[in-house]
Amino acid sequence: MLHRRTVGDVMTEEVVTLRADTPVHEAAALLDANDIAAAPVVDEDGAPVGVVSASDVLRHETGMPDPQGRDGDGERAWGKARARTAGALMSSPVHTARADWTIPRAARELRRRHVKQLPVVDDNGLLTGIVSRSDLLDAFIRSDDEIRGEVERDVLGRLLGLGEGTITVEVREGAVTLRGHVPEPRLGPVVVGLCQGVDGVVAVDAHLVTDR
């Protein structure tokens, strides 16, 4: 099988974290000093219980509820605007990911939850990393040379055992063009399907003939 990159491959393992009793001004300073958009709030065991984002801090600094209306205009929103600690300011419950999730699954979860990052937890619910939208995008933004190398080495060579030069591979802006021959007709769709499964591939155009 092809190696499909997972959350564990792209996540940040050294995570800046906060405690529930961290003062808001310290949380803001940590976000700024580390140039990050958000930080998980963890309990004494290291399990994430919420997330404080830069937008949370800005809301606090203005002393106003969320202008986008996600928290409404009620007591909860005003309470976060007046928060003094990370625990009072954070968004909770926290949505998390697992290191063995595929990149598409994590991307779908980010979209479904309308968040920009997900803390990554282990089997015990303890924090092991954090994955952001940019981390997931980086997994799909690969050079044409990287894609061509994986197709030639892993798909055509290792998985299918086709000899060098049997199929030529061209890649332009993620679109793969295959030209050559395969030993039998049923291999044509297999080659295309496997190439489509390579990270970074946006399209496959196959011009393959059979030896018989």
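Whatever comes next refers back to the structure up there.
Residues numbered from 1 in each chain as written. Predicted model: local features only at pLDDT ≥ 70, side-chain atom pairs only at ≥ 80, totals over all residues. Heavy atoms only, no water.

S.K.: Lay out helix α9 (residues 187-196) with the relevant residues and their values.
M.R.: Of all the positions in α9, only L187, G188, V191, V192 and C195 are classed as buried. Seen from one end, α9 has its buried residues packed into an arc of 140°, which puts them on one side. If you follow the buried residues of α9, they end up packed against α8 (144-159), β7 (167-172), β8 (175-182) and β9 (203-210). (Buried < 20%, exposed > 50% of the residue type's maximum accessible area, 1.4 Å probe, protein only. Helix = DSSP H or I, 4+ residues; strand = E, 2+ residues; numbered from the N terminus. Arc of directions from axis to C-beta. Contact = heavy atoms within 4.5 Å.)

S.K.: Provide a residue-level description of the pattern of salt bridges, including the pertinent values.
M.R.: If the charged atoms of two oppositely charged side chains come close together, the side chains can form a pair. Applying the stated criterion to the full structure yields ten salt bridges. Between E109 and R113 there is a salt bridge whose closest N-O contact spans 3.0 Å. Separated by four residues within a single helix, E109 and R113 lie in helix α6 (residues 103-113), roughly one turn from each other. Overall, R113 belongs to the partly exposed group, its relative accessible area being 31%. With a closest N to O distance of 2.7 Å, R186 and E184 form a salt bridge. Given the relative accessible area of 57%, R186 is considered exposed. Beyond isolated ion pairs, a larger network of salt bridges with shared partners links E109, R112 and R113. (Salt bridge = Lys/Arg side-chain N within 4 Å of Asp/Glu carboxyl O.)

S.K.: Just give me the short version of the pairing of strand β6 (residues 127-132), but keep the residues and values in it.
M.R.: Most of β6 sits out of view: five of its six residues are buried. Bridge count for strand β5 (residues 117-121) against β6 is five bridges, and the pairing is antiparallel. Bridge pairing in β6 places L118 opposite V131. Counting the residues in the hairpin turn of β5 and β6 gives five residues, including G125, whose phi is positive at 80°. (Pairing = 2+ DSSP bridges.)

Without other data, these values stay purely geometric and don't point to any function.
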